[in-house]
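Coordinate analysis (summary)
These are the residues of each chain, in order.
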There are 2 protein chains.
Amino acid sequence: MLFRPLFDPETSTYTYLIGDRTTGEAALVDSVLEQVDRDLQVLSELGLTLRYTLETHVHADHVTGAGKLRQQTQCDGVVPAGAMVECADQTLQDNEVLMVGTIPIQAIATPGHTDSHMTFLVDQTHLLTGDSLLIRGCGRTDFQSGDPGLLFDAIVNRLFNLPEETVVCPGHDYRGQIFSTIGEEKRWNPRLVNRTRAQFIEFMNGLNLPDPKKIAEAVPANQQCGQVAA
Amino acid sequence: MLFRPLFDPETSTYTYLIGDRTTGEAALVDSVLEQVDRDLQVLSELGLTLRYTLETHVHADHVTGAGKLRQQTQCDGVVPAGAMVECADQTLQDNEVLMVGTIPIQAIATPGHTDSHMTFLVDQTHLLTGDSLLIRGCGRTDFQSGDPGLLFDAIVNRLFNLPEETVVCPGHDYRGQIFSTIGEEKRWNPRLVNRTRAQFIEFMNGLNLPDPKKIAEAVPANQQCGQVAA
């Protein structure tokens, strides 16, 4: 497997490129509109053909590159079932597996940041957590049908049951920590360690965060697959 | 081996944490003063003891965390031979190997960005190139005894002779590409592909870049091991 994190400094978003060296097929997870030209160049230089763009969820902080990527390549846009993105080519249900060449990408329902958020387990080793589990943190739960109780359940009952050595690859990181592992997060994530479900809900409901700068633009654009004028 | 890139967004600097899971020993390469608290927390949470801080060169764009790390831990500060950092505990010559537990870190002389710049080959798989070879770029050569001809020789004759699958881990990246490989850079690095040594020198000498914002502060501080008041 070819696995490559790509970073958008303006929104601190990680896009993940997954490529099968044998078949030359590739997927991009959580692409960013402003980085599409870079991503296409990387794909080209690695000799890969983009088959899929995947979204962990309908983002509120950036516009997906999926629309532009679909215009410029033959890829399919894949979103979580229930994400209300009618223009998508495919949806993924909980536990469904999408194959990128010989590489399995398993969808794991992790609602809480949004109601249809999915985490993707790539090749059983790399966990693309989007805005569910972050490194020593987690996604916010105060808009887009967010629900802190559901997020707690998803992280504790689904993600923390994966092998400890599973590599955690978040959708964002604001402290320059690019990777973590399930073992580390179980032991050191300050939002989850020594907190009951009720305490986590109370903590999350008290965060009182400002809205993301791009939310008014990003959510409707992402519900339209990030489509932009040709 | 535990290998973890850590990013400083302000200066786009990558620090690399190298840990031996069996002995619990660790090294930090090109640490950043402002990120020392984060780095110490990561080391602690991973159960690692810092043995060494290494510098690829005397940085002009950030102050090393080595001084603060030496104050707060029992680590040794290691710099390239010839770097004129008299306070360092150890120096590394070309081809010398430093062991971090059972993990070998081999120094490879790559002058050009500065006259004593070293690249570190970790465990024969990960190449920490500092400001010599960057992803689809290279370090500048217009101050601190920089020399574009020497940089060309170092990259082409030393680094490009390593196996193609060697992972390139640069000291900086400004486009969000975190990793590359020697094979990719040989094929796609626009500063080196299809340029003779003379053309490379001419190109580099014509860049006419502004000085790094922190140069007046960073170089003398780094020559003093980044020492700060206790």
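Owing to the predicted nature of the structure, the values given are computational and were not obtained by experimental measurement.

Residues and elements named next belong to chain A. Pairing is mixed across the open sheet formed by six strands, whose spatial order is β1-β2-β3-β4-β5-β6. In this open sheet, the two edge strands, each paired with only one partner strand, are β1 (2-8) and β6 (90-92). If you compare each strand with its neighbour and ignore which way they point, the axes differ by 25° on average. Running over the sheet, helix α1 (residues 36-45) touches β1, β2 (13-19), β3 (25-29) and β4 (49-54) and is turned about 160° from β1.

Looking now at the packing of helix α3 (residues 148-158) of chain A against helix α5 (residues 197-205) of chain A. Residues and elements named next belong to chain A. Direction vectors running N to C along α3 and α5 enclose 130°, while the axes themselves pass 9 Å from each other. Classified by the interaxial angle, the pair formed by α3 and α5 is oblique. Read as a crossing pair, α3 and α5 show a hand that is right-handed. Residues Pro148, Gly149, Leu150, Leu151, Phe152 and Asp153 of α3 form the contact with α5, whose own contacting residues are Arg197, Phe200, Ile201, Met204 and Asn205.

As a further point, take α3 of chain A. Residue and element names in this part refer to chain A. Listing the buried residues of α3 in full gives Pro148, Gly149, Leu151, Phe152, Ala154 and Ile155. Taken together, the buried residues of α3 touch β8 (103-109), β11 (133-134), β12 (137-138) and α5. Measuring from the side-chain oxygen of the N-cap residue of α3 to the backbone nitrogen of Gly149 gives 2.9 Å; that N-cap residue is Asp147.

So, about the confidence of the model for chain A. When the pLDDT values of chain A are averaged, the result is 95; 99% of them are 70 or greater. Interface scoring of the predicted complex returns ipTM 0.93; its pTM is 0.95.

Ranked by internal contacts, the top residues of the largest apolar core, which has 47 residues, are Leu54, Phe120 and Leu128 of chain A together with Leu54, Phe120 and Leu128 of chain B. Element by element, the count of residues in this core is highest for β8 of chain A, at four residues. When sequence neighbours within four positions are dropped, the list of residues in contact with Leu128 of chain A reads Phe3, Tyr16, Ile18, Val29, Thr56, Thr119, Phe120, Val122 and Cys169 of chain A.

Looking now at the interface of chain A and chain B. When the parts of a complex come together, some accessible area is lost, and that lost area is often used as the size of the interface. The partner chain B presents 20 residues to the 20 residues of chain A that form the contact. Note on chain A versus chain B: buried area summed over both sides is about 1,900 Å², and carbon and sulfur give 53% of it. Three residues stand out in chain A for area buried against chain B, namely Arg4, Glu45 and Arg175 of chain A, and they jointly supply 27% of the buried area on that side. Seen at the junction of chain A and chain B, the total is four salt bridges. The partner of Glu184 of chain B in a salt bridge is Arg4 of chain A, and the shortest N-O contact between them spans 2.6 Å. Linking chain A with chain B are twelve residue pairs in polar contact (both at pLDDT 80 or more).

A few words now on the sheet that holds strand β13 (residues 167-170) of chain A. Across a sheet, paired strands are connected by hydrogen bonds in the backbone, their directions being either parallel or antiparallel. Residue and element names in this part refer to chain A. Here six strands make up an open sheet; going across it, the order is β7-β8-β9-β10-β13-β14 and the pairing mixed. Of all the strands in the sheet, just β7 (97-100) and β14 (180-181) have a single pairing partner and so form its edges. In this structure, strand β10 (residues 126-130) lies alongside β13, joined through four bridges in parallel fashion. The partner of His126 across the bridge, within β13, is Val167.

A few words on the relation of the copies chain A and chain B. Superposition record for chain A on chain B: RMSD 0.0 Å, screw rotation 180°, translation along axis 0.0 Å. Here the symmetry operator amounts to a two-fold rotation axis. By C-alpha distance to the rotation axis, the residue of chain A lying nearest is Pro9 of chain A, at 3.9 Å.

Turning our eyes to something else, we now look at the pairing of strand β5 (residues 76-80) of chain A. Residue and element names in this part refer to chain A. For β5, the tally of buried residues reaches four of five residues, placing the bulk of the element in the interior. Alignment of β4 against β5, held across three bridges, turns out to be parallel. In the strand pairing of β5, Tyr52 is matched with Asp76. Taken together, β4, helix α2 (residues 66-72) and β5 constitute a β-α-β crossover, and its handedness is right-handed.

The rules we used
Residues numbered from 1 in each chain as written. Chains lettered and ligands numbered in written order. Predicted model: local features only at pLDDT ≥ 70, side-chain atom pairs only at ≥ 80, totals over all residues. Heavy atoms only, no water. Pairing = 2+ DSSP bridges. Helix = DSSP H or I, 4+ residues; strand = E, 2+ residues; numbered from the N terminus. Axes fitted to C-alpha atoms, helices over the stretch in contact; angles between N-to-C directions. Contact = heavy atoms within 4.5 Å. Parallel < 35°, antiparallel > 145°, perpendicular 65-115°, else oblique. Left-handed = near helix turned anticlockwise from the far one by under 90°. Buried < 20%, exposed > 50% of the residue type's maximum accessible area, 1.4 Å probe, protein only. Polar contact = N/O pair within 3.5 Å; in protein donor to acceptor, adjacent residues only side chain to side chain. pLDDT = per-residue confidence, 0-100. Core = buried A, V, L, I, M, F, W, Y, C linked by side-chain atoms within 4.5 Å. Buried area = accessible area lost by both parts, 1.4 Å probe. Salt bridge = Lys/Arg side-chain N within 4 Å of Asp/Glu carboxyl O. Least-squares fit on C-alpha atoms with pLDDT ≥ 70 in both. Right-handed = clockwise from strand over helix to strand, strands pointing away.

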